[in-house]
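Descriptive structure summary
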Amino acid sequence: MLDKGQVSEADRTRALSLSTVAFTACFAVWTIFAIIGVEIKAELGLSEFQFGLLVATPILTGSLTRLILGVWTEKYGGRNVFTIQMLLTAAATWMLTWASSYTMYLVAALGIGLAGGSFIIGVAYVSRWYGAGKQGTALGIFGAGNVGAAVTKFIAPFVMVAYGWHGVAHVWAAGLALVAILFYVFAKDDPELVARRKSGAKPPSLAQQFAPLKNLQVWRFSLYYFYVFGAFVALALWMPHYLVDVYHLDIRTAGMSAAAFSLSASLFRAYGGHLSDRFGARAVMYWCFGFSLLMLFMLSYPATDYVIQGKDGAIAFSTEMGRWPFVLILFMLGFFMSLGKAAVYKHIPVYYPDHVGAVGGLVGMIGGLGGFILPIIFGALLDLTGIYTSCFALLFIIVAISLTWMHLSIRTMEREAHGEALDQLPSLPEMQSIHRPEHAAQSRTLEVWTPEDPAFWAEKGRRIARRNLWVSIPALLLAFSVWMVWSVVVARLPAIGFNFTSGQLFWLAALPGLSGATLRIFYSFMVPIFGGRLWTTLSTASLLLPAMGIGYAVQNPETPYLIFLVLALLCGFGGGNFASSMANIAFFYPKAEKGNALALNAGLGNLGVSVMQFLVPLVITAGVFGALGGQPQTMSDGGQLWMQNAGFVWVPFIIVATIAAWLGMNDIADAKSSFKEQAVIFSRKHNWIMCVLYTGTFGSFIGYSAGFPLLTKLQFPEVNALQFVFLGPLVGALSRAGTGWISDRFGGGRVTFWTFLGMIVAVFGVIFFLGIKEQPGAFWGFFASFMALFFLTGVGNASTFQMIPAIMAREIPRLMPDLKGDVLRKQAERESAAIIAFTSAIAAYGAFFIPKAYGTSIAMTGGPVAALWGFLGFYVICVVLTWFYYTRPGGLLAAGERAGGTTSAAAAV
């Protein structure tokens, strides 16, 4: 490796100075829409969403190109790549003034986005001039080029007032082209590139450069940068618009006020690099996230009026953040974000000194994508909630997740450094006494669990496993009931006085799927960390929050839509439970019975959707809970509904299930493992393939369940759909519970292949009957086609989960040839359980995307058929994947399935 101590200080200073100036110029161009976008918005009459998309589009290009630009910089050198990138960006900025339609503006914005790729070019280039002891400071100084955003906000408004937004584009384009020429003339090739050319060595291959990207740590750094940089870009773009609307400022004043944030979030990056060199990047990240949480909480609190009933009458007061306190807190937030940006990129050369371009490119790409995605989400949240501070509330959640993940990762490293001593301590010192040996007999933890031993299984294993299964099933059934309750509730809200649009109703039906799927990602890893008994108890009890919340919210038509959005998100607790429940039960059963046990747990748990869709329409027609349940709501036709019962009816059952889980379930000592041990599945190719296939089966089941009632009501308004829709989830749940044996006998891969072919035919049927929906009998054809879809999704749910243990039984011996006997078996079981849980998490996004796809399709085309064609195309992809990887001659499962089921797979482990 090159000795960087031989590089002269003058050359270092030249490289750093030129790179910083170039990056400043690029960043000024990259954020140009923050100012000129306001005038373009008025000129074209854009909506909030369209405006958000326009200002975010350059961020998309700048983000996506970072990965490849980083690789090219490692290969061809920063001097050449930086110059070409700046010239192309300048040309795109000039051509922006030629646009005459919104579409053309978006195309030009994609070209301008190349400016954002400059960051990773500079990081890879500058880091090659400095040793590890000074890289933090150097990269911090370079990163201070973010101040280009403040330059745009300070100067562009005045140029725009004098010469219009076309003048701004021309001046910025010419300036960037000039900087590109000066950079090429005065900059030098970095010392490592020069040394490589002299030696004749080949540049690293793409595979070598991308190798570190499989490490979970890289993705954790990416999440940090998604906030510290992505949120910085998003707020830099959003704040002028925010200040104009909230504080009624003119564009010049709003631009200068927003520039205070951009300045602090840029200039102090150099100081953040110095602090990272002195105190360590980890400590700086703690400061960044800790103070960000505090300030984002203050910023996210909306202007609120309070009325408290005191003993002498009403006491009224209000809270509202004025403009100058807002600007001051925003300035402080930018300061700590700038420290965090420097700290993240201090990590990368230290951990990955030979892969700065690839790793830094990925981290920069994810961070840049934050700058693209977040403004769009800000606009969507504003449209949904009507609350301007919702953007800061979202950032608060992102920071909380980042801080938690960072702290847990650091604690894991500490445990590795200090051995097992820390792991032997109780989680709570106050519970020290119950961890003493004399209390071990009373523990619910199974210290010895060998279900593959026939004698053990026959003597006591089967009895314990069945008890845990039959406690798990009703808890999971209730989880599905609460998760999907909005699919029925939203269809009746307009009848009791809630004036929500169809778009808002589809959001309520879709959001539980979004939150449930996201929670499943975390729930996937909870059982081995906390134990199945404790986690099942806590996760079941958490269902009380949305169940009781719905019961109270629906009683008053004046309840804000925001409250309903929060309750819809809380219903996702029920969706998250599935991942942990399936992972837990997978540990209890031997391979010969695992497929059937998982099918029973999942199938009868899925039955909760049908139970809910059957029970809720009944209980809302009567005062089941008497005076305790509240008064009925009067419908527009004069009838009465007790809509609160849709939530309250589950409360007593949830309490009983929670108690049963605590008293009747067990933990398995061998099933305990850390997140790091489970995270190996992210490097397993078949984990990701099975995510796609399970999305096609379970994602379809839960998505159709969520959207079927509202879709049926909208497409066939003359039919009383609520008396039929429960049959779909019922058919799907029962087919899953009752067809697990088919996969055990004929092979999961083969059953999955034919299931997807059948689903393609069924979707054709749905499309056909929607096309003739005005004709007699069309509803029954539509309904029958959907029943076929539900049945097939249930069969596919069982078959795909049956495939996972069989796949890992073949893969683990190949991937880990040193493991033998019980160690090999436990590794395969651990990875199978983690993959089962994780695939269920990814697939659950179907509960969000399918209802949302219906709503989007109806809004754009007037009907749901476009969405259905999209689903059909996805099933074609699933058929191809199943055949290519698993069922074709030579496929991973082909030999075992021709021999009949998965006997050979079990033998392999």
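Each residue is numbered by its place in its chain's sequence as written, counting from 1. Local features in a predicted model are, by the rule used here, given only for residues with pLDDT of at least 70; side-chain atom pairs are given and counted only at 80 or more, and totals for whole chains, interfaces and linings are based on all residues. Side-chain descriptors were evaluated using all non-hydrogen atoms of the structure, hydrogens and water having been removed beforehand.

Regarding the overall build of the chain
Going by this rule: Each helix is a run of H or I in the DSSP string that is no shorter than four residues. Each strand is a run of E no shorter than two, and both are numbered from the N terminus. Only protein chains enter the accessibility calculation, which uses a 1.4 Å probe; a residue is then buried when its area is under 20% of its type maximum, exposed when over 50%, and partly exposed in between. Note on areas: Shrake-Rupley with a 1.4 Å probe; residue coverage comes only from the protein chains shown.
From N to C terminus, the chain includes 39 helices and six strands. Taken across its 909 residues, the chain has 58% of its residues classed as buried. Accessible surface, the chain as shown: approximately 35,600 Å² in total, 67% of it carbon and sulfur.

Considering the side chain of arginine 12
The following threshold applies: For the purposes of these results, a polar contact is taken to be a pair of N or O atoms within 3.5 Å, where, inside protein, one atom must be able to donate a hydrogen and its partner to accept one; residues adjacent in sequence count only when each atom of the pair is a side-chain atom.
Assignment of secondary structure puts arginine 12 in helix H1 (residues 9-30). Residue classification places arginine 12 among the buried residues on the basis of a relative accessible area of 11%. Here tryptophan 129 takes part through its backbone oxygen, which lies 2.7 Å from a polar atom of the side chain of arginine 12.

Focus: helix H22 (residues 532-541)
Burial within H22 is extensive, with seven of its ten residues counted as buried. What H22 keeps buried is the set Gly532, Arg533, Trp535, Thr536, Thr537, Ser539 and Thr540.

Points about the nonpolar core
Note the following rule: Only buried residues count toward a nonpolar core. Its members are Ala, Val, Leu, Ile, Met, Phe, Trp, Tyr and Cys residues joined through side-chain atoms within 4.5 Å. What makes two residues a contact is simply this: any of their non-hydrogen atoms within 4.5 Å.
In this structure, Val485, Trp486, Leu493, Leu508, Tyr704, Phe786 and Tyr854 are the most contacted members of the largest nonpolar core, which totals 142 residues. Broken down by element, this core gets its largest block of residues, 16 residues, from helix H34 (residues 778-815). What valine 485 contacts, discounting residues up to four positions off in sequence, is Ile550, Cys571, Met612, Val616, Ala646 and Trp650. Listed in part, the 132 residues of the second largest apolar core include Cys26, Tyr242, Ile251 and Cys288.

Some words on the pattern of salt bridges
As a reminder of what qualifies: We define a salt bridge as a contact between a side-chain nitrogen of Lys or Arg and a carboxyl oxygen of Asp or Glu at a distance within 4 Å.
Under the counting rule described, the total for this entry stands at four salt bridges. In this structure, glutamate 9 engages arginine 12 in a salt bridge whose closest nitrogen and oxygen atoms are separated by 3.3 Å. One end of the pair, glutamate 9, and the other, arginine 12, are both in helix H1, three residues apart, so they sit about a helical turn from each other. Between arginine 684 and glutamate 831 there is a salt bridge, and its shortest N-O distance comes to 2.9 Å. In this pair, arginine 684 sits in the loop between helix H29 (675-678) and helix H30 (685-715) while glutamate 831 sits in helix H35 (residues 821-843), placing the two residues 147 residues apart along the sequence. Note on accessibility: arginine 684 and glutamate 831 belong to one class, buried.

Considering a positive patch on the surface
Heads up, the condition is: Patch building starts from residues that exceed 30% relative accessible area and form no salt bridge, then joins like charges within 9 Å and nonpolar side chains (Val, Leu, Ile, Met, Phe, Trp, Tyr) within 5 Å. Just so you know, the count uses Lys and Arg for positive and Asp and Glu for negative, and it drops His and the chain ends. To locate a charge, the coordinates of NZ of Lys, CZ of Arg, CG of Asp or CD of Glu are taken.
On the surface, a cluster of positive charge is contributed by Arg444, Lys460, Arg463 and Arg467. The class of arginine 467 is partly exposed, set by a relative accessible area of 31%.

Overview of a nonpolar patch on the surface
Together, Ile529, Phe530, Leu534, Leu538, Ile655, Ile659, Trp662 and Leu663 line one region of the surface with nonpolar side chains, adding up to about 710 Å² of accessible area. Take the nonpolar patch: its biggest share by element is four residues, from helix H28 (residues 651-664). By the element assignment, leucine 538 lies in helix H22.

Describing unusual backbone geometry
Of note, the phi angle at histidine 248 is positive, near 55 degrees, even though the residue is not glycine. Judged by relative accessible area, histidine 248 falls into the exposed class, the value being 66%.

Here we look at the packing of aromatic side chains
Operational definition: Between 30 and 60 degrees the pair is tilted, below 30 it is stacked and above 60 it is edge-to-face, where a pair is any two Phe, Tyr or Trp rings, Trp via its six-membered ring, whose centres lie within 6.5 Å.
A complete count under the given rule lists 58 aromatic pairs for this structure. Here the aromatic rings of tryptophan 238 and phenylalanine 378 are separated by 5.8 Å at their centres, their planes lie at 65 degrees, and the arrangement is edge-to-face. With tryptophan 238 in helix H11 (residues 216-247) and phenylalanine 378 in helix H16 (residues 356-385), the pair connects residues that are 140 residues apart, well separated along the chain. Take tryptophan 238: its relative accessible area is 2%, and that puts it in the buried class. Phenylalanine 378 gets classed as buried once you look at its relative accessible area, which sits at 1%. Where tyrosine 704 meets phenylalanine 786, the ring centres are 5.4 Å apart and the plane angle is 85 degrees; that geometry is what we call edge-to-face.

Some details on helix H18 (residues 454-483)
Going by this rule: A residue's bend is given by the angle between axes fitted to the 7 residues ending at it and the 7 residues starting at it.
At glycine 461, H18 is bent by approximately 55 degrees, the largest bend along its length. You can read the cap of H18 off the contacts: a side-chain oxygen lies 3.2 Å from the backbone nitrogen of alanine 455, and it is on aspartate 453.

Quick word on the confidence of the model for the chain
Quick reminder of the rule: One number per residue, pLDDT, summarises how confident the predictor is, and it ranges from 0 to 100.
The predicted model of the chain averages 79 in pLDDT, with 88% of residues at 70 or higher. Mean pLDDT values over the elements of the chain span from 34, in helix H39 (residues 903-908), up to 92, in H28. Per-residue pLDDT stays below 50 along residues 430-442; that stretch engages in four contacts with residues further than four places along the chain or on separate chains. Between residues 898-909, whose pLDDT stays under 50, and residues either more than four places distant or in other chains, the model counts 27 contacts.

Quick word on the packing of helix H12 (residues 251-267) against helix H15 (residues 323-351)
Note the following rule: Only the stretch in contact is used when a helix axis is fitted, and all axes are lines through C-alpha atoms; the angle between N-to-C directions ranges over 0 to 180 degrees. Roughly parallel here means an angle under 35 degrees, roughly antiparallel means over 145, roughly perpendicular means 65 to 115, and every remaining angle is called oblique. Crossing chirality is assigned from the near helix's rotation relative to the far helix, an anticlockwise turn below a right angle marking it left-handed and a clockwise turn marking it right-handed. For this scheme, ten residues count as nonpolar: Ala, Val, Leu, Ile, Met, Phe, Trp, Tyr, Cys and Pro. Four count as charged, namely Asp, Glu, Lys and Arg, and the remainder, Gly too, count as polar.
For the pair H12 and H15, the least separation of the axes is 6 Å and the interaxial angle reads 30 degrees. On the basis of the axis angle, H12 is roughly parallel to H15. For H12 against H15, the interelement crossing comes out right-handed. Residue-level inspection shows Thr253, Ser257, Ala260, Phe261, Ser264, Ala265 and Ser266 of H12 in contact with H15, the latter providing Arg323, Val327, Leu330, Phe331, Gly334, Phe335, Met337, Ser338 and Lys341. Looking at the contact of H12 with H15, its residues break down into eight nonpolar, six polar and two charged.

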